[in-house]
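Each chain is listed here by its residues.
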Amino acid sequence: MIVVASSNGSIGIEAAIEILRQGGTAVAAVEAGIRLVEANPEDNSVGYNGYPNILGEVELDASIMNGRTLESGAVGALKGYLHAITLARQVMERLPHVLLVGEGASRFAAEMGHPPQPEMMLPDTRTVWADRLRPELGQAGLTDDDIAHIASRADLARWVELATDPERTKGTVNFIAQDKAGNICTGVSTSGWAWKYPGRLGDSPIIGAGNYADNRYGAAACTGMGEMAIRASTAHSLVFYLKMGLSLAEACERAMIDLRDLGGRFISVMNLVAIDKDGNHAGFSSVDGRTYIYQTPDMPECEELARTVVPIPPRWG
Ligand code: GLY
């Protein structure tokens, strides 16, 4: 039994491992761990108080995958509800679908009895949003009044490219759990790329991109620039490399090289965590200094480990 998470999962990993200690399932452990991250206002990349899109609206993405059955559920661009991971689990367990987005996701949250959360950001975070837009957009000719009314503009694409910052504006939480029965579950939740175009989905709600689990081989999840993981199908590729007989370290490295080999623009930071079917774990990143955490039932607290670096030279604009 084990729980592996991105380091911002530290607030939830004890709850997740306790569920496994009590004989609970990997799916329940992943959901419980991620819910605590979603509720943490200090994390601006997940759930409550996450950084918003360019219009100042928080839009959440999440997914969950059951490695025993390969059933999965996901929600994207969810507005007005906090626990995207629980809703993703409900998509998996209550609907014949895998992915709900936008208004349909909010409607399903209401139907499932989730409490509405009309204000998803603390006032300070709203100030960060406005302050971030002002210099870039002001320099390009928008007044404070233009920025206040940015929602009514017909030329958002131009401003999104100016307002986004590849180094500062992404983050996500990953949880992978393996329970007593050997079943693996992966969950991912995020508020996505800050100042994004409304409706933008990253890799987190895309099964095979930011999240994949298969009991027979292992599981993987990503944080970082989701567009890259979508283009390379990173989480599925990594598990596929395990299926083809590569070791966990080799599979992670191969998945990172696939990302490095992407052409075109908009290449930035990517990180992944993974386990194999035996519960061996690994964390990789394209940059130095990134860590991940893991905990087994006998450990009183999680351990934080450095991620192995496979450099990916950034390319932007
Ligand atoms: N990896 C999270 C995102 O790109 O939205």
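Structure shown above.
Cut-off values and rules
- Residues numbered from 1 in each chain as written.
- Predicted model: local features only at pLDDT ≥ 70, side-chain atom pairs only at ≥ 80, totals over all residues.
- Heavy atoms only, no water.
- Helix = DSSP H or I, 4+ residues; strand = E, 2+ residues; numbered from the N terminus.
- Buried < 20%, exposed > 50% of the residue type's maximum accessible area, 1.4 Å probe, protein only.
- Contact = heavy atoms within 4.5 Å.
- Patch = residues over 30% accessible without salt bridge, like charges linked within 9 Å, V, L, I, M, F, W, Y side chains within 5 Å.
- Areas by Shrake-Rupley, 256 points an atom, 1.4 Å probe, with all protein chains shown as cover.
- Salt bridge = Lys/Arg side-chain N within 4 Å of Asp/Glu carboxyl O.
- Pairing = 2+ DSSP bridges.
- Axes fitted to C-alpha atoms, helices over the stretch in contact; angles between N-to-C directions.
- Phe/Tyr/Trp six-rings, centres within 6.5 Å; stacked < 30°, edge-to-face > 60°.

Draft legend 1. Spotlight on the overall build of the chain. The helix and strand inventory of the chain stands at 10 helices and 13 strands. Summarising its shape, the C-alpha atoms of the chain cover approximately 60 × 45 × 35 Å along the three principal directions. In the chain, buried positions account for 56% of the 317 residues. For the chain, long-range pairs separated by at least 24 residues make up 68% of all intrachain contacts whose partners lie at least 6 apart in sequence.

Draft legend 2. Main features of a nonpolar patch on the surface. A surface patch of nonpolar side chains, amounting to about 210 Å² of accessible area, comprises Val-98, Leu-99 and Val-101. Among the secondary structure elements, Leu-99 is positioned in strand 4 (residues 99-101).

Draft legend 3. Here's a closer look at the sheet that holds strand 13 (residues 308-309). Reading across from one edge, 7-8-9-10-13 is the order of the five strands in this open sheet, with mixed pairing throughout. The open sheet has two free edges, formed respectively by strand 7 (211-214) and strand 13, since each of these has just one partner strand. As paired elements, strand 7 and strand 8 (residues 218-224) share four bridges and run antiparallel to each other. For Tyr-212, the partnering residue across the bridge sits in strand 8 and is Ala-220. Sitting on the sheet, helix 9 (residues 234-243) touches strand 7, strand 8 and strand 9 (270-276), and the angle it makes with strand 8 is about 150°. Of the strands in this sheet, strand 9 and strand 10 (281-285) are in contact with helix 10 (residues 248-260), which crosses strand 9 at around 155°.

Draft legend 4. Local environment of the packing of aromatic side chains. Counting across every chain of the model gives two aromatic pairs. Taking 5.3 Å as the distance between ring centres and 45° as the angle between the ring planes, the aromatic pair formed by Tyr-51 and Trp-195 counts as tilted. Of this pair, Tyr-51 sits in the loop between helix 2 (26-38) and strand 2 (60-66) while Trp-195 sits in the loop between strand 6 (184-190) and strand 7, and the two are 144 residues apart along the sequence. When its relative accessible area of 19% is taken as the criterion, Tyr-51 is described as buried. The class of Trp-195 is buried, set by a relative accessible area of 0%.

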